Amino acid sequence: MSQSFDVVVIGAGPAGYVCAIRAAQNGLKTACVDNWKNLDGKHAFGGTCLNAGCIPSKALLESSEMFHKTQHEFAAHGIKVGNPQMDVAVMQARKAKIVSNLTGGIAALFKSNNVTGIRGTARLLKNGSVDVTDFDDPKKKELLEAKHIVLAAGSEPVELKIAPFDRKDIVDSWGALEFANSPKRLGVIGGGVIGLELGSVWQRLGSQVTILEAMDNFLFMADQQIVQAAAREFKKQELDIRLGAKVTGTDKGKAGISVHYEDKDGKHDIVVDKLIVAVGRRPATSNLLEEGTGVKLDQRGFIQVDEECHTGVKNIWAIGDCVRGPMLAHKGSEEGVMVADLMAGKVAEMNYEVIPSIIYTWPEIAWVGKTEEELKKQGIKYKAGSFPFAANGRAKAMEAAAGMVKILAHADTDEILGVHILGPMASEMIAEAVLAMEFRASAEDIQRTIHAHPTLSEAMHEASLVVDKRAIHAINR
Amino acid sequence: MSIEIKVPQLPESIPDATLVSWHKQAGDAVKRDENLVDIETDKVVLECPAPVDGVLKEIRIQGGATVTAGQVIAILEPGAVAAAKPATALAASSKPPAAVVTETATTLAKSSAATVSTPVSRSDMPLSPSVRRLVEEHQLDPAKIQGSGLDGRLTKGDVLEYINKGGELPASAGSVAQPAQSDAKAAAPMTRAVSGNREDRRVLMTRMRTRIAQRLSESQASTVMLTSFNEVDLSKVMELRTRYKDKFEKQQGVKLGFMSFFVKAVVEALKRYPVVNASSEGNDIIYHDYWDISVAVSTPRGLVTPVLRDADQMNFAEIEKSLTDMASRARDGKITLEELTGGTFTITNGGVFGSLFSTPIINPPQSGILGMHAIKERAVVVDGQVVVRPMMYIAITYDHRIVDGREAVLFLVSIKEQLEDPARLLLQI
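These numbers come from a predicted model, not from an experiment.

## Details of the overall build of chain A
Next, step 1: Along chain A, the regular secondary structure elements total 14 helices and 21 strands.
Next, step 2: With 477 residues in all, chain A has 48% of them scored as buried.
Next, step 3: The long-range share in chain A, meaning contacts at least 24 apart out of those at least 6 apart in sequence, stands at 65%.

Have a look at this one:
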């Protein structure tokens, strides 16, 4: 049994499904093969992002933040709510509904765009065909022929030998999203984006959270001024983050899970009820390729590609988390768009320099472009302007005046080189900066663009003025 | 409703002018006020802006031709604007990158007098707020500034650089810089052709100009220059180009210009007459077993001669790619000094500006320079019949101290023969 297509996309995560839809819109006969199995055993499109990552975590972050506000902020507004309770089951149900809504949405988009969605596990054979094992019946196989093949197999959480997953008490990020109640004591190995977000969720819902980060630097890839300000906020929230803490082993016992770690002060132990391992993700390429396809993997398992996502084998492309670059859904999606356009013979390119990164803690952290540390390292002369939300009317009215906007501009040309935000809605505000940087705008361009009042984005405006020491609403030093 | 593009009123009752070079090709989209073609008279170079947005449907008169005031030179179809091309101060043309005026010092004196450019208002070019402010403050013409931003937009940095830099790139002695559109800081001052005004204006030479003057004098003083001429029937080359240009561009990724043909012919001729590829030093003649061809390129800051190293080992596509790359980097000021120095022989092309016949000046320590000129349809005799052929005069100026007339003349004949029968380029005979 063999079907023939112009394009077969392997993987229906944000990279794969976007690529498939765009390819179909470009007039190519497209199929998208995906094997995601949810906890209920059912198939869903959308990959990690929709099922076990971006979307469910944002739903929980929203619910937990709201609960946190009732306990810590409502009083300031004069709202008396007594003793608010959290029904985790309802929270989880809401999350599940959103996820199923969106994954169903992808199936609908496939249908309306004439993308053939295939539920199964795909493997690229050395003769260039795609072998698909049916999702429901592993004995049923199908062979797909395609002019172009796009590998969008995504990534999976890294497992630690010293803390192997048991899917109950020692869990990966997906498991951490599925707890039925907030654990009394929660340990998190890994203080990166995922560890912070998941730790935040359960800490707001009453867990005592301890995050163990092996590196001495917290969030090393972000601007350190922002990171230090964020660390102070997390401390206020009683998020216990321990740096330089290398976990050496775990033991499960009746009292809970003992986590042994070492830092510069010596050996320590903590006991937790649940342990999340969030030390990173690795490309899910181990069973993707038959020997001899010609597609090369690097030593970490990433598929090697050029800047247009060609693998080096004619008409075989790779996008998303299984190739180099930041493991971000929007990066995967835009690579998908680029490849879909290239396959249709159009001109397309990706601008890897201007990809925003977000951490959905509260306050949120968002950035695009270079950090001060990177600029110093590259010897680029720059000027910086920081404006605190404490001086922003809207933020104060929202009881969310922690954080700041920082703009880094080239000392000579004034071109914006990096924008870093800690604060409310940072994830939304960063879009202005990304657009500005795509157009190679200068800090002066932001100064001369009207920002509505009263808004949070005024802080961006003021920060651009601080770059030239001409802020109106702050004392210029 | 098609619009006829006519030669504008010529100043001071000058009878005729030369169409220098088209900045747009037939079929290109043009925007209102975009300069279509430069028209050169003895005293001034005029621009011919498009009156409205549209498509340049037909070019009636080719670059290099003589025109009179009011003459129809092109047809513009208003309205339909295809893909907007990025606006830069330099015309993005598909012609070979070598665009150099090679005039002797005397001709230079005449043409350097006045370069009046009618300022083209780029009201349709999107300018960001900071760029608008700088343009306003410094009274700049954005059309003259090279944009490095998205789609060729001007960034604040581009404008600041334009304001700060005077524009310094090493000038070569063999040719003199006189680009049709000079930027605000360089070369000749703006003069209005006002009748009745008999004052003298004393203007200090720019650094660039001083350096050019110096090198030209040195060249003239140290070498014994003599120029010999010949003419080439380029019909076969043009036929080849017409037949294969699309395929070439598709498969090789670069346009097939004339320069690759000329470079190949030159290298072959240099191999046959090695003294033309040699340099002189004191009492020694230094023969070079390599062929590094300097190709003159006009940039807004002046003339530069990037070198095609080991041109004998380059194929057509490599030559075109290399020239395109070096020319654009030279115009952006991003070319390195190493890429501009050395060279065993130079090719210069005054034809783009309309020169028919000229005596180029040698670039010491080289011993020869080939001058290419405008291609003109002329009546010539072939097999006893008068036919019309696209002819180009070619000139070699050579250092008679080490190169004799025999070698120089035969060198030129070899180039003529190879280009008139391109199979010889393939067979290297």
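What follows picks up the thread again.
## Description of the overall build of chain B
Next, step 1: When its secondary structure is counted, chain B shows 10 helices and 19 strands.
Next, step 2: When each of the 429 residues of chain B is scored for burial, the buried share is 41%.
Next, step 3: Contacts in chain B between residues at least 24 apart in sequence constitute 70% of all its contacts with a sequence separation of at least 6.

## Side note on unusual backbone geometry
Next, step 1: For the bond from Trp-362 of chain A to Pro-363 of chain A, the omega torsion is 5°, close enough to zero to count as cis.
Next, step 2: By the secondary structure assignment, Pro-363 of chain A is in the loop between β17 (357-359) and β18 (364-369).
Next, step 3: Across the junction of Pro-364 of chain B and Pro-365 of chain B, the peptide omega takes the value 5°, indicating a cis bond.
Next, step 4: Positive phi, normally seen in glycine, also occurs at Lys-469 of chain A, with a value near 55°.
Next, step 5: Locating Lys-469 of chain A in the fold gives a position in the segment after α14 (458-467).
Next, step 6: Residue Lys-469 of chain A is classed as exposed on the basis of its C-beta count, with 11 C-beta atoms lying within 10 Å.

## Some points on the sheet that holds strand β9 (residues 208-212) of chain A
Residues and elements named next belong to chain A.
Next, step 1: Spatial strand order, β7-β14-β8-β9-β10: five strands in an open sheet with parallel pairing. On the outer flanks of this sheet lie β7 (170-171) and β10 (240-242), each paired with one strand and no other.
Next, step 2: In this structure, strand β8 (residues 185-189) lies alongside strand β14 (residues 274-277), joined through four bridges in parallel fashion. When the sheet's bridge partners are listed, Ile-189 is paired in β14 with Val-277.
Next, step 3: Each of β8, β9 and β14 is contacted by helix α7 (residues 193-204), which is oriented at about 170° to β9, the strand it contacts most.

## Concerning the interface of chain B and chain A
Next, step 1: With 10 residues of chain B at the contact, the number on the chain A side is 13 residues.
Next, step 2: Sorting the residues of the side of chain B that touches chain A by element identifies α2 (129-138) and α3 (156-164) of chain B as the ones contributing at least two each.
Next, step 3: Looking at the side of chain B that touches chain A residue by residue, the classes come out as three nonpolar, five polar and two charged.

## Some points on α7 of chain A
Residues and elements named next belong to chain A.
Next, step 1: Taking 1.5 Å of rise per residue, 12 residues should cover 16 Å, and α7 covers 17 Å from first to last C-alpha, within 8% of that figure.
Next, step 2: Taken residue by residue, α7 has Val-193, Ile-194, Gly-195, Leu-196, Glu-197, Leu-198, Gly-199, Ser-200, Val-201, Trp-202, Gln-203 and Arg-204 as its buried positions.
Next, step 3: Looking at the buried residues of α7, the elements they touch are α3 (54-72), α6 (173-177), β8, β9, β14 and β17.
Next, step 4: After α7 finishes, the residue Gly-206 shows a positive phi value of roughly 110°.

## Some words on the confidence of the model for chain B
Residue and element names in this part refer to chain B.
Next, step 1: Here chain B shows a mean pLDDT of 79. Residues at 70 or above account for 79%.
Next, step 2: When mean pLDDT is compared element by element in chain B, strand β9 (residues 225-233) scores highest at 96, while helix α1 (residues 105-111) scores lowest at 34.
Next, step 3: Every residue in residues 167-194 is under pLDDT 50, and counting partners more than four places away or in other chains gives 99 contacts.

## As for the pairing of strand β12 (residues 256-263) of chain A
Every regular strand shows the same layout, with side chains that alternate between the two sheet faces.
Residue and element names in this part refer to chain A.
Next, step 1: Across seven bridges, strand β11 (residues 246-253) lies against β12 in antiparallel orientation. For Asp-251, the partnering residue across the bridge sits in β12 and is Ser-258.
Next, step 2: Count of turn residues in the β11/β12 antiparallel hairpin: two residues.
Next, step 3: Pairing geometry for β12 and strand β13 (residues 266-272), over seven bridges, is antiparallel.

## With respect to α2 of chain B
Next, step 1: Burial in α2 of chain B covers these residues: Ser-130, Val-131 and Leu-134 of chain B. Projected down its long axis, α2 of chain B shows its buried positions confined to an angular sector of 100°, all on one face.
Next, step 2: As for α2 of chain B, its buried residues are in contact with α13 (443-447) of chain A together with α3 of chain B.
Next, step 3: Residue Gln-139 of chain B follows α2 of chain B closely and has a positive phi angle near 55°.

## Points about the environment of Arg-406 of chain B
Residue and element names in this part refer to chain B.
Next, step 1: Mapped onto the fold, Arg-406 is located in helix α9 (residues 405-420).
Next, step 2: Here Arg-406 falls in the exposed class, since 9 other C-beta atoms lie within 10 Å of it.
Next, step 3: Considering only alpha carbons, one finds Arg-406 and Tyr-273, 133 residues apart in sequence, at a separation of 9.8 Å.

## Side note on the packing of helix α6 (residues 259-272) of chain B against α9 of chain B
The packing of two helices is summarised by the inter-axis angle and the distance between the axes.
Residues and elements named next belong to chain B.
Next, step 1: With their axes 9 Å apart at the nearest point, α6 and α9 run at an angle of 135° to one another. Taken as axis vectors, α6 and α9 run oblique relative to one another. Here the hand of the crossing between α6 and α9 comes out right-handed. Residue-level inspection shows Phe-261, Ala-265, Val-266, Glu-268, Ala-269 and Arg-272 of α6 in contact with α9, the latter providing Phe-411, Ser-414, Ile-415, Gln-418 and Leu-419.
Next, step 2: Classifying every residue of the contact of α6 with α9 gives seven nonpolar, two polar and two charged.

## Some points on the environment of Gly-351 of chain B
Residues and elements named next belong to chain B.
Next, step 1: When you line up the elements, Gly-351 lands in the loop between β16 (345-349) and β17 (368-372).
Next, step 2: For the pair Gly-351 and Met-392, spaced 41 residues apart in sequence, the C-alpha to C-alpha distance is 8.6 Å.
Next, step 3: Gly-351 has contacts with Gly-64, Met-372, His-373, Ala-374, Ile-375 and Met-392, leaving out every residue within four places of it along the chain.

## Some points on the packing of α3 of chain A against α7 of chain A
Residues and elements named next belong to chain A.
Next, step 1: Between α3 and α7, whose axes approach to 8 Å, the crossing angle comes to 35°. Two packed elements cross with a definite hand, and for α3 against α7 that hand is left-handed. From α3, Ser-57, Leu-60, Leu-61, Ser-64, Glu-65, Phe-67 and His-68 reach across to α7, where they touch Glu-197, Leu-198, Ser-200, Val-201 and Arg-204.
Next, step 2: When grouped by side-chain class, the residues that make up the contact of α3 with α7 number five nonpolar, four polar and three charged.

## Quick notes on the sheet that holds strand β21 (residues 416-423) of chain A
Residue and element names in this part refer to chain A.
Next, step 1: Read from one edge to the other, the open sheet built from five strands follows the order β17-β18-β21-β20-β19, with strand pairing classed as antiparallel. Lying at the two open borders of the sheet, with one neighbouring strand each, are β17 and β19 (382-388). Taking the axes of each pair of neighbouring strands and ignoring which way they run, one obtains an average angle of 10° across the sheet.
Next, step 2: The pairing of β17 with β18 spans three bridges and is classified as antiparallel.

## Thoughts on the environment of Arg-324 of chain A
Next, step 1: By secondary structure assignment, the location of Arg-324 of chain A is in the loop between β16 (316-318) and α9 (329-343).
Next, step 2: Put simply, Arg-324 of chain A and Asp-298 of chain A are 26 residues apart on the chain and 9.6 Å apart in space, counted from C-alpha to C-alpha.

Here is what the cut-offs are and how they apply
Residues numbered from 1 in each chain as written. Chains lettered and ligands numbered in written order. Predicted model: local features only at pLDDT ≥ 70, side-chain atom pairs only at ≥ 80, totals over all residues. Helix = DSSP H or I, 4+ residues; strand = E, 2+ residues; numbered from the N terminus. Buried ≥ 20, exposed ≤ 12 C-beta atoms within 10 Å, placed from the backbone. Contact = placed C-beta atoms within 7 Å. Pairing = 2+ DSSP bridges. Axes fitted to C-alpha atoms, helices over the stretch in contact; angles between N-to-C directions. Nonpolar A, V, L, I, M, F, W, Y, C, P; charged D, E, K, R; others polar. Expected span 1.5 Å × (residues − 1). pLDDT = per-residue confidence, 0-100. Arc of directions from axis to C-beta. Parallel < 35°, antiparallel > 145°, perpendicular 65-115°, else oblique. Left-handed = near helix turned anticlockwise from the far one by under 90°.

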